[in-house]
Each structure stands twice: as structure tokens, then as C-alpha cells.
Amino acid sequence: MFDIKIFDGMKTEEKYNMMLSMLKSIIEDESDVITNISNATALINAIIGRINWCGFYFIRNGELVLGPFQGMPACTRIKIGNGVCGTAVRERKVMRIDNVHNFKGHIACDAASNSELVIPIIKNGKVYGVLDIDSEEAARFTELEQTYAEKSIELLSKYIDWEKLSQ
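Since the model is a prediction, treat every value here as computed from it, not as a measurement.

Could you give me a rundown of the overall build of the protein chain, with the residues and numbers involved?
When its secondary structure is counted, the protein chain shows four helices and six strands. Secondary structure of the protein chain in N-to-C order comes out as α-α-β-β-β-α-β-β-β-α. Radius of gyration (C-alpha) of the protein chain: 15 Å, near the 15 Å computed for a compact globule of 167 residues. Projected onto the principal axes, the alpha-carbon positions of the protein chain cover approximately 40 × 35 × 25 Å. Sorting the 167 residues of the protein chain into buried and exposed places 47% on the buried side. In the protein chain, 19 positive and 23 negative side-chain charges are present, and the distance between their average locations comes to 5 Å.

Please set out the packing of helix H1 (residues 12–27) against helix H2 (residues 33–48) residue by residue, giving values where relevant.
The geometry of H1 relative to H2 is characterised by a closest axis approach of 10 Å and an angle of 165° between their N-to-C directions. In terms of orientation, H1 and H2 fall into the roughly antiparallel class. Considering only the axes of H1 and H2, their crossing is right-handed. Here Lys 15, Tyr 16, Met 19, Met 22, Leu 23, Ile 26 and Ile 27 of H1 come into contact with H2, specifically with Asn 36, Asn 39, Ala 40, Leu 43, Ile 44, Ile 47 and Ile 48. Partitioning the contact of H1 with H2 into residue classes produces 11 nonpolar, two polar and one charged.

Account for unusual backbone geometry, naming residues and giving values.
Where the residue is not glycine, phi is negative for most of them; where a peptide bond is considered, it is trans in most cases. Even without being glycine, Arg 50 reaches a positive phi, approximately 55°. With respect to the helices and strands, the residue Arg 50 is situated in the loop between H2 and strand E1 (53–60). Of note, Arg 92 is a non-glycine position whose phi angle comes to about 55°, a positive value. Relative to the assigned elements, Arg 92 resides in the loop between helix H3 (83–91) and strand E4 (95–97). By relative accessible area, Arg 92 is classed as partly exposed at 42%.

An account of the sheet that holds strand E6 (residues 126–135) is requested, with residue identities and associated values reported.
As a general point, the strands of a sheet are linked pairwise by backbone hydrogen bonds and lie either parallel or antiparallel. Pairing is antiparallel across the open sheet formed by six strands, whose spatial order is E3-E2-E1-E6-E5-E4. Two strands bound the open sheet, and with one partner strand each, they are strand E3 (77–79) and E4. Direction aside, neighbouring strands of the sheet carry axes that sit 20° apart on average. Here E1 runs beside strand E2 (residues 63–71); their pairing, made up of seven bridges, is antiparallel. Looking across to E2, one finds that Arg 60 is bridged to Glu 63. Taken strand by strand, helix H4 (residues 143–159) contacts E1, E4, strand E5 (115–123) and E6, and its axis lies near 30° from that of E5.

The rules behind each value
Residues numbered from 1 in each chain as written. Predicted model: local features only at pLDDT ≥ 70, side-chain atom pairs only at ≥ 80, totals over all residues. Heavy atoms only, no water. Helix = DSSP H or I, 4+ residues; strand = E, 2+ residues; numbered from the N terminus. Rg over C-alpha atoms; globule rule 2.2 N^0.38 Å. Buried < 20%, exposed > 50% of the residue type's maximum accessible area, 1.4 Å probe, protein only. Lys, Arg positive; Asp, Glu negative; His and termini not counted. Charge placed at Lys NZ, Arg CZ, Asp CG, Glu CD. Axes fitted to C-alpha atoms, helices over the stretch in contact; angles between N-to-C directions. Parallel < 35°, antiparallel > 145°, perpendicular 65-115°, else oblique. Left-handed = near helix turned anticlockwise from the far one by under 90°. Contact = heavy atoms within 4.5 Å. Nonpolar A, V, L, I, M, F, W, Y, C, P; charged D, E, K, R; others polar. Pairing = 2+ DSSP bridges.

Next up, the structure:
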């Protein structure tokens, strides 16, 4: 059973380290990819805090397609190179955007979002998709959130065959 109260009183970095530890324990003995991605999304959403959307997009047939997420309904398909997520894929780099309204080509899936953190999923040189995290707060994401989101993707990549989610 998961109890979010165990994080009460912890410093932010302690929470994020515990998040990685819990993520590993949740996925290491489970082989179902969707189950693991769904649990990863729920855990990241619960721990990062002050966010309004957290989820994955996977490359399928040359575009990003919505995967497991937590939050309001989202854009179902994003062209590579469009928006923050599509740009992260095209440029193969993390995008930490303090004010999405100043990002040329931003796609407003949830009008409440003001900042965004997107981590591309790259394994063995191939991009499989992104982890996308949004917040209503401007400049919500720091280097600390970026570091632990990247570590989450690294951990997931040890246990998940991303090919199963891509076509």
C-alpha cells in the first residue's frame, strides 16, 4: 500500500531520492510495460508536487502519441518538432520552460499550464518518446526536478523495453 504521508517532513531532495527507490521497487519485478509506465506516472505525479499534469508520449508512426498520464485530458498526438514535447524529440534534449506562453509553437493542451519540463526518452541512441510534466506555476521546475526526472527515465530504461511502446 502507498501512503503519501511518509514524505511529510522530508526535504525535497530526500523525497526525490525516495521516489527513485520506490520506483525501482515498483517496476523491478513487473514485466508489463503499461503497468510500469502507469505506476511511474502516478508516483512522479504524487512526489514532485505543485504540478497539474504528468505523463508520457511515445513515438508511433512518426509522431508522439499520448501514453499513461495523470491530469486533465491531453493532446492525443503531437508532430515531431511541434510544441515543447515535439521540440525535445527533434533536438534530443531536455526542455525546461519557465513560461510556456513565451515558447514559440507551444501547444496548450491544458490552458492552466504555465511551465513545463520535458525529458526525452533516449536509449541506445534512439528516441522513444518523452516524459512531460506541467505546472500552473511559472518557473516551477528547477535543476533539481530536472535531475530527478532524468534519473527516473534512466531507471525506467533499465527495466522497460521501449520498443514495445513504439511502432
